[in-house]
Amino acid sequence: CDFGPDLAQAVARGRRAEFGKFERFRDPGVRASIPDPNAEATFAASKLEWSEAGTPNGVESLEFYRRCLAVRHEYIVPRLSGLAPGRSFDVTHESLLRVRWELSDGSTLHARVNFGSASLSSVEPQAGTPLYQSDAGIAAGGTWPAYSSAFSLETMPA
């Protein structure tokens, strides 16, 4: 991001505080290692390396981003018009982040991310139609694999 000095500091502190809810980032020294979202180096590290696009990893990464952008274009962008800012989130099971966004047409976008290095069991199913899952084993028997994520869209009945 690119904010003025006061807001930039507040954003960096806020992001680090949010990460502090996760077991891995409870230590202030570990939280201090989170890249500053305002730093030029963070921006540079976040960009695609187009020189690697033809390598096997580059091809896989590029296809991943294309799929994500296509899902965003088809399912999310049409529901953003007139959207008021707001979301709700919580952390369960020490490492599972759950986020809900209420969209302008009354539908709800759900996201879950397991930031932990261990699988989680006894996780309730995610509502809605799956849009993306990082791991085919997500929610099989209520289990979420380590470092996995999923997005779903819950639409209003017609």
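Located above this text is the structure these notes cover.
Note that this is a predicted model, so its numbers are computed, not measured.

A. Local environment of helix α1 (residues 5-19). Between its first and last C-alpha, α1 extends 21 Å over 15 residues, near the 21 Å set by a 1.5 Å rise per residue. Turning to α1, its buried residues number three or more, namely Ala8, Val11 and Ala12. Buried residues of α1 fall within an arc of 95° about the axis and therefore sit on the same side. Every exposed residue of α1 that faces more than 90 degrees away from the buried side is listed here: Asp6 and Arg13.

B. Geometry of helix α4 (residues 56-76). With 21 residues, α4 ought to run about 30 Å at 1.5 Å a step, and its terminal C-alpha atoms sit 29 Å apart, in line with that. Listed in full, the buried residues belonging to α4 are Gly58, Leu62 and Ile76. Relative to the axis of α4, the buried residues are bounded by an arc of 115° and lie together on one face. Among the exposed residues of α4, those oriented more than 90 degrees off its buried face are Pro56, Glu60 and Glu74. Contacts from the buried residues of α4 go to β3 (108-114).

Reading the values: rules and limits
Residues numbered from 1 in each chain as written. Predicted model: local features only at pLDDT ≥ 70, side-chain atom pairs only at ≥ 80, totals over all residues. Heavy atoms only, no water. Helix = DSSP H or I, 4+ residues; strand = E, 2+ residues; numbered from the N terminus. Expected span 1.5 Å × (residues − 1). Buried < 20%, exposed > 50% of the residue type's maximum accessible area, 1.4 Å probe, protein only. Arc of directions from axis to C-beta. Contact = heavy atoms within 4.5 Å.

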